[in-house]
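What the coordinates show
Residue-level listing of the chains:
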Amino acid sequence: MPSPRHTAPDSLPARIAAAFETLPPQLQAAARFVLDHPDDVALLSMREQARRAGVPPVTMTRLARQLGFADFAAFRDVQASLLRRNPGKAFSAEFSNRAGRLQQRQQQGGDAALAGQIGWAMAEHIASSHDETGITALVAAAKALEGAHRLHFLGLRSCHAVAFHAGYIYGLFRANGVLLDGAGDTGIDALRHAGRGDALLTISVAPYASATVERVAYARQRGLTIVAITDSRVSPVASLAQHSLLVPTETPSFFHAITPAFAMAETLVALIAARAGEEALAAIRNAEAQLGAFSTYWSPKRKKASP
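Analysis parameters
Residues numbered from 1 in each chain as written. Predicted model: local features only at pLDDT ≥ 70, side-chain atom pairs only at ≥ 80, totals over all residues. Heavy atoms only, no water. Helix = DSSP H or I, 4+ residues; strand = E, 2+ residues; numbered from the N terminus. Buried < 20%, exposed > 50% of the residue type's maximum accessible area, 1.4 Å probe, protein only. Areas by Shrake-Rupley, 256 points an atom, 1.4 Å probe, with all protein chains shown as cover. Salt bridge = Lys/Arg side-chain N within 4 Å of Asp/Glu carboxyl O. Pairing = 2+ DSSP bridges. Axes fitted to C-alpha atoms, helices over the stretch in contact; angles between N-to-C directions. Contact = heavy atoms within 4.5 Å. Parallel < 35°, antiparallel > 145°, perpendicular 65-115°, else oblique. Left-handed = near helix turned anticlockwise from the far one by under 90°.

The subject of this paragraph is the overall build of the chain. Regarding its fold elements, the chain presents 13 helices and 5 strands. Burial status across the chain gives 38% buried among its 307 residues. Roughly 16600 Å² of accessible area belongs to the chain as shown, and the carbon and sulfur atoms make up 57% of that amount.

Here it is in structure tokens:
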């Protein structure tokens, strides 16, 4: 491994991701924190980072040395150099860190304070996942999916609603969408007909559903193009996907946030529709006509049925 002083800062996430599977569990926990909170590495003390990662402080040093750095200070300097190249981002990260500490002190402030914290957390997560890096990944993913012969949607447990919603919106302008969902666990059956030329959009965040990982691995073996909306570049589905769209899930609530995944999926499908031209417009007009024929949505102009 090259000496850290000869390593470009931008290569650090790739180095961590490449070494992740070989690391012991505690080092994996530390590595996941570093990947998911890069600004905190430069702005917080090693002890505070370890506390947030749920590991002893010495683990952060062990991770740095495992990656070829002399000590944690050298490791942190790499991330600090990235922030110096983008001072606006550094200010934003420090502001959010201070706000986070303020929120911790205000946890006992009542319902209104807690509701505000949760709402702002969601807004910040959506904004951060739609930064320059996130948008670049979104555009690449849309291009990868738009030409699929069939596009499969997969999300289980808390992520099922996101997959269903994405598939529903996609179905308004394309008829080749397949939601991998069915009674008696038959949704997976559709993959037996899938192969090269098809694609899979999967949504999976920690704690990852075992069945999701198994089904994504099966789709990868069959040659499908895979796009994953997930919470970490080292999540089990990210390692199987050609394109990963990363969304934060931390929240003051007791449950992980799914709202950022919804926003990412909606943006992705919107990009595909925007690139589909007149074909998509004609399909949406046809969908509107069909919905209107069945009076699907309430309208004040509808006449009441006779008694």
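Once that is clear, we can look at the environment of Gln117. Looking at where Gln117 falls in the secondary structure, it is placed in helix α8 (residues 111–129). What makes Gln117 buried here is its relative accessible area of 6%. Note: C-alpha distance between Gln117 and Ser253 (136 residues apart in sequence) is 9.1 Å.

What follows covers the pattern of salt bridges. Overall, the coordinates contain 4 salt bridges when judged by the stated rule. Residues Arg150 and Asp198 are paired through a salt bridge, measuring 3.1 Å at the closest nitrogen-oxygen approach. Of this pair, Arg150 sits in the loop between α9 (132–146) and β1 (151–155) while Asp198 sits in the loop between β2 (177–179) and β3 (199–204), placing them 48 residues apart in sequence. Note on Arg150: relative accessible area 25%, which makes it partly exposed. For Asp198, a relative accessible area of 3% corresponds to the buried category. Measuring nitrogen to oxygen at the nearest pair gives 2.5 Å for the salt bridge that ties Arg285 to Glu278.

Taken in spatial order, the 5 strands make up an open sheet running β2-β1-β3-β4-β5, and their pairing is parallel. The open sheet is flanked by β2 and β5 (243–246), the only strands paired with a single partner. The sheet shows a mean angle of 20° between the axes of neighbouring strands, direction not considered. Relative to β5, strand β4 (residues 225–230) is paired through 4 bridges, and the arrangement is parallel. Within the sheet, the bridge partner assigned to Ala228 lies in β5 and is Ser244. Strands in contact with helix α10 (residues 160–171) are β1, β2 and β3; relative to β1, the strand with the most contacts, it is inclined by about 155°.

Let us now look at the packing of α9 against helix α12 (residues 259–274). Angle between the axes and distance between the axes are the two parameters that describe a pair of packed helices. One way to put it is that α9 packs onto α12 with a least axis distance of 9 Å and a crossing angle of 55°. Taken together, the axes of α9 and α12 lie oblique to each other. Here the hand of the crossing between α9 and α12 comes out right-handed. Contact residues: Leu138, Val139, Ala141, Ala142, Leu145 and Glu146 in α9; Met264, Thr267, Leu268, Leu271 and Ile272 in α12.

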